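# Structure at a glance
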Amino acid sequence: MTAGAVAAGFVVGIAFLIIFAVVRIPPHPILATSWAFPDLDDYLPLLQIRIDGLKEVYSVGEKLDFAVAQKGGGYAYPEMIMIKDLERGGVVWEFNGTQASFLLFCTIVTNYADFEITWHSRDIDLLVMNQTGTYAVVAKNEHLTVQKEFVVVG
């Protein structure tokens, strides 16, 4: 590298420092010093998780179409959405919302209670039950767990 290239780089760096020192950039709410993360105790009573659209009875091979809606709790899907076999025990299907939320881009809100997200089974997988029995959809996060049961008949 020549002395001229080093000097040119130095001049460009100084120019950027001068520009950022002179130009006023308005602070974003998340960067402003007056903004603070909300106290968990303030928004936890407002946290809601619902399982919507799940029918009480399905036939073997029928597509399950339901949604899990979460209001409040930050920028993430519920930590886990699963289908449990209530007669034989065990988990039949599971969605890890913690990993999926790394791909989620959301708008900035000043209160986590204002955040809303809905997860739809049709967007992820084709869910069908091939065995009769009693099952439950369970959705949970760090603070809440909700469960809704359904039956699969022949």
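Residues numbered from 1 in each chain as written. Predicted model: local features only at pLDDT ≥ 70, side-chain atom pairs only at ≥ 80, totals over all residues. Heavy atoms only, no water.

### Re the side chain of Asp-85
- One can find Asp-85 in strand S4 (residues 80–85).
- With residues near it in sequence (within four places) discarded, Asp-85 still touches Gly-90, Val-92, Thr-134 and Tyr-135. (Helix = DSSP H or I, 4+ residues; strand = E, 2+ residues; numbered from the N terminus. Contact = heavy atoms within 4.5 Å.)

### What to know about the sheet that holds strand S2 (residues 57–59)
- If you walk across this open sheet you meet the five strands as S2-S8-S7-S4-S5, and the pairing is mixed. Either end of the sheet is taken by a strand with one partner, and the two such strands are S2 and strand S5 (91–96). The average angle at which neighbouring strand axes cross in this sheet is 20 degrees, direction not considered.
- When strand S7 (residues 133–140) meets strand S8 (residues 145–153), the two strands line up antiparallel, connected through eight bridges. For Ala-139, the partnering residue across the bridge sits in S8 and is Val-146. (Pairing = 2+ DSSP bridges. Axes fitted to C-alpha atoms, helices over the stretch in contact; angles between N-to-C directions.)

### Digging into the sheet that holds strand S3 (residues 67–71)
- With respect to topology, three strands assemble into an open sheet ordered S1-S3-S6, the strand pairing being antiparallel. Edge positions in the sheet fall to strand S1 (48–52) and strand S6 (116–120), since each of these pairs with one other strand and no more. Averaged over all adjacent pairs, the angle separating strand axes in this sheet is 15 degrees, with direction ignored.
- Strand direction decides the pairing type here: S1 and S3, joined by five bridges, are antiparallel. When the bridges of S3 are listed, Asp-52 appears paired with Ala-67.

### Things to note about the side chain of Asn-141
- Position of Asn-141 among the secondary structure elements: in the loop between S7 and S8.
- Taking relative accessible area as the criterion, Asn-141 reaches 11% and is therefore assigned buried.
- At 3.5 Å, the side chain of Asn-141 forms a polar contact with the side chain of Gln-70.
- Here Leu-144 takes part through its backbone nitrogen, which lies 2.8 Å from a polar atom of the side chain of Asn-141. (Buried < 20%, exposed > 50% of the residue type's maximum accessible area, 1.4 Å probe, protein only. Polar contact = N/O pair within 3.5 Å; in protein donor to acceptor, adjacent residues only side chain to side chain.)

### Remarks on the confidence of the model for the protein chain
- Predicted confidence across the protein chain gives a mean pLDDT of 78, with 67% of residues reaching 70 or more.
- Across the protein chain, the element-wise mean pLDDT spans from 58 in helix H2 (residues 40–43) up to 97 in S2.
- Segment residues 30–35: pLDDT under 50, and five contacts once partners within four positions in sequence are set aside and those in other chains are kept. (pLDDT = per-residue confidence, 0-100.)

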